[in-house]
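Okay, here's what each chain looks like letter by letter:
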Amino acid sequence: MLNWLVTGGAGFIGSNFIQYILSTRSDINIINFDLLTYAGNLNNLKTVENDPRYTFVQGDICDRQFVDAVLRDYAINTIVHFAAESHVDRSILGPMQFVKTNVIGTATLLDAARDYWSACSAPLVGIRRFHHISTDEVFGSLKPGEPAWTEDSPYAPNSPYAASKAGSDHLVRAYGHTYGMPVSISNCSNNYGPFQFPEKLIPLVTLNALNGKALPVYGDGQQIRDWLYVEDHCEAITRIITDGRPGETYNIGGNNQPANLEIVRTICRLLDEMVSASKYRPHESLITFVQDRPGHDRRYAMDSGKLRQELGWAPRYSLEEGLRKTVRWYLDHQEWVEQITDRTNYQDWMQKNYDKRGGTVK
Ligand code: NAD
Ligand code: TYD
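These numbers come from a predicted model, not from an experiment.

Visitor: I keep staring at the environment of E273 and nothing clicks. Help me out?
Guide: Among the secondary structure elements, E273 is positioned in helix α8 (residues 260-274). Since its relative accessible area comes to 45%, E273 is described here as partly exposed. Here the side chain of E273 touches R324 through a polar contact of 2.8 Å, side chain to side chain.

Visitor: I would appreciate a short explanation of the nonpolar core in the present structure.
Guide: Nonpolar side chains in soluble globular proteins tend to be buried together. Membership of the largest hydrophobic core comes to 40 residues, with the highest contact counts inside it found for L215 and I267. Every element with two or more residues in this core is listed here: α6 (201-210), β8 (215-218), α8, β11 (287-290), α10 (319-332), α11 (334-341) and α12 (344-354). Split by domain, the residues of this core number at least three in each of domain 1 (2-189 + 227-255 + 300-315) and domain 2 (196-224 + 258-298 + 319-346). Apart from residues lying up to four places away in sequence, I267 is in contact with I202, V205, T206, L323 and V327. Within the second largest apolar cluster, 23 residues are counted, among which are F33, V57, A83 and L109.

Visitor: Honestly, the domain arrangement of the chain in this entry has me stumped. Any pointers?
Guide: Accessible area lost upon the coming together of the parts serves often as the stated size of an interface. Splitting the chain by domain gives domain 1 (2-189 + 227-255 + 300-315) and domain 2 (196-224 + 258-298 + 319-346). Relative to domain 2, the C-alpha centre of domain 1 lies at a distance of 27 Å. Taken together, the contact pairs 19 residues of domain 1 with 24 residues of domain 2. When domain 1 packs against domain 2, the two sides together hide about 1900 Å² of surface, and 51% of this comes from carbon and sulfur. Between R90 and E199 there is a salt bridge; the shortest N-O distance is 2.7 Å. Across the domain 1-domain 2 interface, the total number found is 13 residue pairs in polar contact (both at pLDDT 80 or more). The element that contributes the greatest number of residues to the side of domain 1 that touches domain 2 is helix α3 (residues 88-93), accounting for four residues. The class makeup of the residues in the side of domain 1 that touches domain 2 is nine nonpolar, eight polar and two charged.

Visitor: Just to check I follow, could you spell out the packing of helix α1 (residues 12-24) against helix α7 (residues 230-243) for this structure?
Guide: When two helices pack together, their arrangement is given by the angle between the helix axes and by the axis-to-axis distance. For the pair α1 and α7, interaxial distance at closest approach is 9 Å and the crossing angle is 65 degrees. As far as their axial angle goes, α7 and α1 are roughly perpendicular. For the pair α1 and α7, the sense of crossing is right-handed. Every residue of α7 that contacts α1 at F12, I13, N16, F17, Y20 and I21 is listed here: V230, E231, H233, C234, E235, I237, T238 and I241. Its residues assigned to classes, the contact of α1 with α7 comprises nine nonpolar, three polar and two charged.

Visitor: Please explain the site of ligand 1 as it appears in this structure.
Guide: Around ligand 1 sit 28 residues in total, of which I13, D34, S86, Y161 and K165 are the nearest. Here I13 contributes a backbone N or O atom positioned 2.7 Å from an oxygen atom of ligand 1. Between ligand 1 and the protein, one listed contact pairs an oxygen atom with a backbone N or O atom of L36 at 3.4 Å. Compared with its free state, where it exposes 830 Å², ligand 1 has 96% of that area covered by protein. For the shell around ligand 1, a count of residues per class yields 13 nonpolar, 12 polar and three charged.

Visitor: It is not clear to me how the pattern of salt bridges should be interpreted in this structure. Could you clarify?
Guide: Scanning the model with the defined rule gives 23 salt bridges in all. Taking the shortest distance from any N to any O, the salt bridge between R357 and D89 comes out at 3.8 Å. Taken together, the residues R357 in the segment after α12 and D89 in helix α3 connect sequence positions 268 residues apart. In this pair, the class of R357 matches that of D89, namely buried.

Visitor: Help me understand unusual backbone geometry, please; the structure alone is not making it clear to me.
Guide: Only a minority of non-glycine residues have a phi that is not negative, and only a minority of peptide bonds are not trans. Residues R281 and P282 are joined by a peptide bond in cis, for which omega reads -10 degrees. Take P282: it is sitting in the loop between α8 and β11. The backbone of L36 sits at a positive phi, close to 60 degrees, despite the residue not being glycine. Relative to the elements of secondary structure, L36 occurs in the loop between β2 (28-34) and β3 (54-58). The residue N255 is not glycine, and still its phi comes out positive at about 60 degrees. Structurally, the position occupied by N255 is in the loop between β10 (249-252) and α8.

Reading the values: rules and limits
- Residues numbered from 1 in each chain as written.
- Chains lettered and ligands numbered in written order.
- Predicted model: local features only at pLDDT ≥ 70, side-chain atom pairs only at ≥ 80, totals over all residues.
- Heavy atoms only, no water.
- Helix = DSSP H or I, 4+ residues; strand = E, 2+ residues; numbered from the N terminus.
- Buried < 20%, exposed > 50% of the residue type's maximum accessible area, 1.4 Å probe, protein only.
- Polar contact = N/O pair within 3.5 Å; in protein donor to acceptor, adjacent residues only side chain to side chain.
- Core = buried A, V, L, I, M, F, W, Y, C linked by side-chain atoms within 4.5 Å.
- Domains from an automatic or database assignment.
- Contact = heavy atoms within 4.5 Å.
- Buried area = accessible area lost by both parts, 1.4 Å probe.
- Salt bridge = Lys/Arg side-chain N within 4 Å of Asp/Glu carboxyl O.
- Nonpolar A, V, L, I, M, F, W, Y, C, P; charged D, E, K, R; others polar.
- Axes fitted to C-alpha atoms, helices over the stretch in contact; angles between N-to-C directions.
- Parallel < 35°, antiparallel > 145°, perpendicular 65-115°, else oblique.
- Left-handed = near helix turned anticlockwise from the far one by under 90°.
- Near = heavy atom within 4 Å.
- Areas by Shrake-Rupley, 256 points an atom, 1.4 Å probe, with all protein chains shown as cover.

What follows is the structure, given as structure tokens:
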């Protein structure tokens, strides 16, 4: 058996990834290492909590002694590093936590893995891998007509979130280059799907619309993201870890580039259809333009050609299919939703981020 440490496995993508691995592979034990911040949620993992191949440990990736102990106690072969602060708006209002978790946390994990793997008798290369999950946001913002980013595009992060992820990417690369550690990095575009924390655009709009609340669209709503259904991301990561070349970076994207306003309108249309008795139909009437995000990136687009050519990956879900599945999932998981939205820390965030923007969300 291989022992994979998944950091941040109680978050959105990490929990989808753990479920994906346990349902598609029988040769892997998963150790989920998560601090359970506001974004971590063990309710995301109900389907696997009794699986003998799954273990949860609560801890902080910045805590070196604890990381050392977990690597040793579970004889970790592979690290899949998701743990991070992940929301751009929170990074604008509180950047230091992003530097701590994303930069110091990644450095701590890398250094612990280097020490642990070099103390093991087998050579450093082989089945070992440190795979770092990163974002397209490290590349900055594209102008209309500019080509999609490749792995060779220069880094130009604009938000504190993107800058902290860029810092962590550089550390991963440097540990590979200097110490010969078997690292890989994937930079992925915006994900959406089940279990996404309802502070991000797609779940936020879905839930606000269901409850007849304003749908806050930042600025003119013409910003473009490259949306990818989360299961497609999980498949891409698995291929990179299993068959990708150590030392390499891979871009992952969905090649879907509608503007935010169009995404919001599509969600409204899906809800009009799925909740045909709703008193809030047409849900589009809830759209509210609010003050823009400072430094808001205009356009992201990823060229996934390398991943397609080297590893045969392509997304399986179209945006329409993925959005339909996602909206259906939120409709069918009201209990999961309420367990988050009933918390005062969620309500405090909504107030802090939206009250001064001019629109109303309550
Ligand atoms: P998320 O915010 O939903 O989850 C983050 C998880 O990390 C939570 O479970 C949290 O408890 C945990 N965590 C935070 N600080 C920790 C610490 N100090 N120690 C241990 N655990 C800690 O994030 P997500 O959307 O699932 O993103 C996961 C990763 O993917 C991040 O690295 C993010 O940068 C990257 N990414 C996200 C997207 C996206 O669209 N969501 C796109 C590309 C890349
Ligand atoms: P988000 O889901 O926060 O992801 P990211 O900032 O990492 O791309 O936002 C996606 C897009 O939607 C982004 O352009 C900001 C915009 N947005 C809104 O217009 N309104 C909102 O309430 C939120 C949360 C985001």
